[in-house]
Amino acid sequence: MKTIRRNNLYIISILCFYLVCQGCALNPNTGGSTSGIIEKTGELTENEVWDGRIYITGTVIVPEGINLTIRAGTIVGFEPNDEPSSLIVQGELYAEGAPNRMIVFGSLGKQQQLTEKETDTTLTQQNIKEIFGQKPTAPIGTSTPSMNALPPKAGDWDSIIIEAQSPNSRFTYCRIQHATNGIITKTDNVQIENCLFSENKIGVLCEDANPTISANEFNRNESGAQFRGAAAPEVAYNEFTANRYGLVCEDDSRPRISKNNIRSNYENAITCYSTSSPEVVSNNITQNMGWAVYDGGRLRDNYISGNKQVGPNVTEQSISTQSEQFYSVDEVFEPRTTPVAEAGVPQDNF
């Protein structure tokens, strides 16, 4: 049992290094503690401060009346289980990183049992090169001869869930990846700013809540942001790029979507279902493979160009509710002929 535990922690240590490498472009100096990995699971019983390397082995609950603070540069790794783990916040969560010391939430990657024949090559130099994309500087050894680490992927862990009773939570300069839902918010009392959401099924999901979502980057997610119920958040100055869908509005949601760059997504930039009708104001919506806006929404002062493969230099000037680049919207006012200069994330934020 002790040998198995040591082997597991060895794999975890390597995978934490992988998470750091994944964040290098945005987080060259992770900082924090070097004292080792701290394992967390279950319900917190007092206020806590997380720093360094945190390993979540099961669902962690922050109950009412308890505060969790996560310091800049901390790496929070979730162990992929048959029932993916979550961080559930009923109290308060403050995850406040810095531009050069982002907080990383991500998967540790799954361990895979190998056959006896495969065991001989486990954790060789070539295996590590394939997993981490680089050659290690020192021999790794074979202290886990029967396990192999699979790369992290979307859905390896479940969500950070901010429950309706949470009085206040804040995320700044966080990198959130490999989740089913990066952040689910059920309360208005959440600020999500200057964060990167990548390789999640849904980056941010709002359920009957009106949080502030500003100056974030969403890329390579199934959906960048999604709104359900009567959600009406303020979504401003973000970048939605290379997702399958940029933003998805469901039910009777009414988000205000303003001053964003929504570009090069593989399907629709903004998709509306049911009776949802977002306010879409002063955005640059360009080069998306699908519709700029699909089946709902009130459009004003947007720069809409090159969507639906109409041609990269075709700028939409129609004020009808249907055109070559948007489909069955509610209203269209004042289409632009030039991009919105102030839209998107300020370039010095990351």
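Residues numbered from 1 in each chain as written. Predicted model: local features only at pLDDT ≥ 70, side-chain atom pairs only at ≥ 80, totals over all residues. Heavy atoms only, no water.

Can you walk me through the overall build of the protein chain in this structure?
For the protein chain, the count of helices and strands is three helices and 33 strands. Across the 350 residues of the protein chain, 54% fall into the buried class. In the protein chain, 44% of the contacts between residues at least 6 apart in sequence involve partners at least 24 apart. If you sum the accessible surface of the protein chain, you get close to 14900 Å²; carbon and sulfur atoms cover 47% of it. (Helix = DSSP H or I, 4+ residues; strand = E, 2+ residues; numbered from the N terminus. Buried < 20%, exposed > 50% of the residue type's maximum accessible area, 1.4 Å probe, protein only. Contact = heavy atoms within 4.5 Å. Areas by Shrake-Rupley, 256 points an atom, 1.4 Å probe, with all protein chains shown as cover.)

Is there a simple way to think about unusual backbone geometry in this case?
Among all residues except glycine, the phi angle is most often negative; among peptide bonds, the trans geometry is most common. The backbone phi angle of Ser282 is positive, close to 55°, even though this residue is not glycine. By the element assignment, Ser282 lies in the loop between β27 (279-281) and β28 (284-286). Residue class for Ser282 comes out buried when judged on its relative accessible area of 7%.

Even after reading the chapter, I still don't get the packing of aromatic side chains, so can you show me in this structure?
Within this structure, the stated rule accounts for five aromatic pairs. Seen in terms of ring centroids, Phe78 and Trp157 are 4.0 Å apart; in terms of plane orientation they differ by 5°. Their pairing is stacked. One end of the pair, Phe78, is in strand β5 (residues 75-78); the other, Trp157, is in strand β11 (residues 157-162), and 79 residues separate them in sequence. For the ring pair Phe197 and Phe218, a centre distance of 4.9 Å and an interplane angle of 5° mean the geometry is stacked. With Phe197 in strand β16 (residues 196-198) and Phe218 in strand β19 (residues 217-219), the pair connects residues that are 21 residues apart, well separated along the chain. On the basis of relative accessible area, Phe197 is assigned to the buried category, the value being 0%. On the basis of relative accessible area, Phe218 is assigned to the buried category, the value being 0%. Taken together through their ring pairs, the aromatic side chains of Phe197, Phe218 and Phe240 make up a single cluster. (Phe/Tyr/Trp six-rings, centres within 6.5 Å; stacked < 30°, edge-to-face > 60°.)

Help me understand the pattern of salt bridges in this model?
A side chain with one charge may pair with a side chain of the opposite charge, provided their charged atoms come close. If you walk through the whole model with that rule in mind, you get 19 salt bridges. With a shortest N-O distance of 3.6 Å, Asp51 and Arg71 are connected by a salt bridge. Here Asp51 is found in the loop between β2 (48-50) and β3 (53-62), whereas its partner Arg71 is found in the loop between β4 (67-70) and β5, with 20 residues between them in sequence. For the salt bridge of Glu267 with Arg244, the shortest nitrogen-to-oxygen distance reads 2.7 Å. On the criterion of sequence distance, the pair formed by Glu267 in the loop between β25 (261-263) and β26 (270-272) and Arg244 in the loop between β22 (239-241) and β23 (245-249) is long-range, its members being 23 residues apart. Among the charged side chains, a network of salt bridges with common partners joins Glu96, Arg170 and Glu193. (Salt bridge = Lys/Arg side-chain N within 4 Å of Asp/Glu carboxyl O.)

So what exactly am I meant to see when it comes to the environment of Pro312 here?
Residue placement: Pro312 occurs in the loop between β31 (303-305) and β32 (326-327). Relative accessible area serves as the criterion here: at 55%, Pro312 is assigned to the exposed category. Between the alpha carbons of Pro312 and Gln287 there is a distance of 6.7 Å; along the sequence they are 25 residues apart. Sequence-distant contacts of Pro312, that is, excluding residues within four places in its chain, are made with Gln287, Ser305 and Gly306.

Before we go on, may I ask you to explain empty space enclosed by the protein in this structure?
Tallying each qualifying case throughout the model produces two cavities of 30 Å³ or more. There is about 60 Å³ of room inside the largest cavity. Of the residues belonging to the lining of the largest cavity, the class tally is six nonpolar, two polar and three charged. (1 Å grid on protein atoms, 1.4 Å probe; cavity = no way out; pocket = protein on both sides within 12 Å on 5 of 7 lines; lining within 4 Å. Points joined across faces, edges and corners; volume = space filled by probe spheres on them. Nonpolar A, V, L, I, M, F, W, Y, C, P; charged D, E, K, R; others polar.)

What is the right way to read the nonpolar core from this model?
In a soluble, globular protein the nonpolar side chains are often hidden away together inside. Leu87, Phe105, Ile160 and Phe171 are the most contacted members of the largest nonpolar core, which totals 54 residues. Element by element, the count of residues in this core is highest for β3, at four residues. Residues within four places of Leu87 in sequence aside, it is in contact with Trp50, Val60, Val62, Leu68, Phe78, Leu93, Phe105, Ser159, Ile160 and Ile161. One finds Ile88, Ile161, Ile184 and Ile202 within the second-largest nonpolar core, a separate group that totals five residues. (Core = buried A, V, L, I, M, F, W, Y, C linked by side-chain atoms within 4.5 Å.)

How should the sheet that holds strand β21 (residues 234-236) be read in this particular structure?
To summarise the sheet geometry, strands pair through backbone hydrogen bonds and adopt either a parallel or an antiparallel arrangement. Ordered by their spatial adjacency, 11 strands build an open sheet running β2-β4-β7-β12-β15-β18-β21-β24-β27-β30-β33, and the pairing between neighbours is parallel. Two strands bound the open sheet, and with one partner strand each, they are β2 and β33 (331-333). Shown here is a sheet whose adjacent strand axes are inclined to one another by a mean of 10°, direction ignored. Where strand β7 (residues 92-96) and strand β12 (residues 168-172) come together, five bridges link them in parallel fashion. Paired with Glu96 across the bridge in β12 is Thr172. (Pairing = 2+ DSSP bridges. Axes fitted to C-alpha atoms, helices over the stretch in contact; angles between N-to-C directions.)

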